[in-house]
Amino acid sequence: MTSQSPDIKITLQSPVRAPSAVPVDDAVLPFEVDALDLRGRLTRLGPALDEILTKHDYPAPVGKLLGEAIVLTTLLGSSLKFDGRFILQTRTDGPVSFLIVDFKAPDRLRAYARYDATRLHDGLDTGALLGKGHLAMTIDQGPDMSRYQGLVALHGGSLEDAAHEYFLRSEQIPTRVRLAVGEEWRGGDGGKHRWRAGGMLLQFLPKAPERARQADLHPGDAPEGTVAHEVPDDDAWVEGQSLIGTVEDVELLDPDLSGERLLYRLFHERGVRVFAPVPLRAQCSCSREAVSSMLKSFSPKDRADMVKDGKVVVTCEFCSSVYEFTPEEAEVE
Ligand SMILES: [Zn+2]
């Protein structure tokens, strides 16, 4: 009988390996850079994003904006550990007056935007498309749990800016976010167009919380002469911000560059640990039964008003599915 050598151990940490060259779409890749106390997530979206945006045939600027909101939602919502829901919405006075992204853990995504086509023109950036208003992020953990809602004012900036402000005010975790959405053309001029997106979230989470202190917000109506409290960023976080600052849109979107390769390219000098990808898919939660019971919750008069050409037609705003009912089915008297 031989005893096992004490040197043979099964380690709990994954062994060091080369970054996978295989690109994975429609997934979030969590990662850690221990040497800098950084944690993050990288999202790559292909077919799922294309399915959501193509169902509505959005004008390009609206598709790009909604794509950014979808990527941001995956970066924030994919950390939900429960069977919960993360909803991101904007209500603003710009050409895109309303958008909503609904993420249901662990993997379901749906989204839509309302816009005024007459106010759209070339060259409108995210800030101009949204205008002024607010961004709301709601975490719903189920019927017996409290809902959490965070609000950020929007005043003509990008969704990245809004995310930074949210983390500074609400979570007080040093955070940087990058979002990119692009259109990929395959097969030349007459070829097919597809939406792609990518994004990265990087957070500084040191064990000693005082290292994560950030400069105070603008003192607002403090007496004149008050000096803002300046806190220099921790060296590790300075390095983290400069690394994520080098990520280019094309790298986030490149269908041939795997997420692992991209993370290795950025963080290899410090060592990066990558966890298993979390898959995402486009799927609406609407159903004929749900629409039918919604109709029955309306007043008899409202139901009667919905009858057009001898039928009641309801279109799901998220996925454009059309549900048709006879007046009898809709219980119209
Ligand atoms: Zn639907």
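Located above this text is the structure these notes cover.
Described below are features of the structure shown in this document.

Scoring rules and cut-offs
- Residues numbered from 1 in each chain as written.
- Predicted model: local features only at pLDDT ≥ 70, side-chain atom pairs only at ≥ 80, totals over all residues.
- Heavy atoms only, no water.
- Helix = DSSP H or I, 4+ residues; strand = E, 2+ residues; numbered from the N terminus.
- Buried < 20%, exposed > 50% of the residue type's maximum accessible area, 1.4 Å probe, protein only.
- Contact = heavy atoms within 4.5 Å.
- Pairing = 2+ DSSP bridges.
- Donors = N, O, S within 2.8 Å, 3.2 Å for Na, K, Ca; no water.
- Tetrahedral: all angles 85-135°; square planar, octahedral: opposite > 155°, others 65-115°.
- 1 Å grid on protein atoms, 1.4 Å probe; cavity = no way out; pocket = protein on both sides within 12 Å on 5 of 7 lines; lining within 4 Å.
- Points joined across faces, edges and corners; volume = space filled by probe spheres on them.
- Axes fitted to C-alpha atoms, helices over the stretch in contact; angles between N-to-C directions.

Some points on the environment of Glu251
In this structure, Glu251 sits in helix H6 (residues 249-253). Classification of Glu251 by relative accessible area gives buried; the value is 15%. Leaving out residues up to four positions away in the same chain, Glu251 has contacts with Arg44, Thr246, Leu257, Leu262 and Arg265.

A word on the sheet that holds strand E7 (residues 147-155)
Strand order in the open sheet made by the six strands is E7-E6-E3-E4-E5-E12, with mixed pairing throughout. Unpaired on one side and paired on the other, E7 and strand E12 (281-282) mark the two borders of the sheet. Bridge count between strand E3 (residues 85-92) and strand E4 (residues 96-104): seven bridges; the pairing is antiparallel. Paired with Ile87 across the bridge in E4 is Asp102.

Remarks on the coordination of the zinc ion
Between any two of four tetrahedral donors, the ideal angle at the metal is 109.5 degrees; between two of six octahedral donors, it is 90 or 180 degrees. For the zinc ion, the full set of protein donor atoms is Cys284 (SG), Cys286 (SG), Cys316 (SG) and Cys319 (SG), at a range of 2.3 Å. The site at the zinc ion holds four donor atoms, and with the angles between them running 102 to 114 degrees, its shape is tetrahedral. Read N to C, the donor residues that coordinate the zinc ion are spaced as C-x1-C-x29-C-x2-C. You can see Cys284 sitting in the loop between E12 and helix H8 (288-297) and its partner Cys319 sitting in the loop between strand E14 (311-315) and strand E15 (322-325), a full 35 residues away along the chain. We classify Cys284 as buried; its relative accessible area is 18%.

Regarding empty space enclosed by the protein
By the definition in use, this model includes one cavity of 30 Å³ or more. Its boundaries defined by the atoms lining it, the largest cavity holds a volume of some 40 Å³. Taken together, Arg85, Asp102, Lys104, Arg108, Leu109, Arg110, Gln283, Cys284 and Ser285 make up the lining of the largest cavity. Every element with two or more residues in the lining of the largest cavity is listed here: E4 and strand E5 (108-115). Top contributing element to the lining of the largest cavity by residue count: E5, with three residues.

A short note on helix H1 (residues 47-54)
Along H1, the residues classified as buried are Ala48, Leu49, Asp50, Ile52 and Leu53. The elements touched by buried residues of H1 are strand E2 (38-45), helix H2 (60-77), E5, strand E9 (192-204) and E12.

What about the sheet that holds E15?
An order of E13-E14-E15 is seen for the three strands of this open sheet, with the pairing classed as antiparallel. On the outer flanks of this sheet lie strand E13 (307-308) and E15, each paired with one strand and no other. Pairing between E13 and E14: two bridges, direction antiparallel. Bridge pairing links Lys308 to Lys311 in E14. Against the sheet, H8 touches E14 and E15, its axis set at about 55 degrees to E15.

A word on the layout of surface pockets
There is about 630 Å³ of room inside the largest pocket. Lining the largest pocket are 29 residues; nearest its centre among them are Arg41, Leu76, Ser78, Ser79 and Leu80. Only strand E1 (27-33), E2, H2, strand E6 (132-140), helix H4 (159-171) and E9 provide two or more residues apiece to the lining of the largest pocket. Element by element, the count of residues in the lining of the largest pocket is highest for E1, at four residues.

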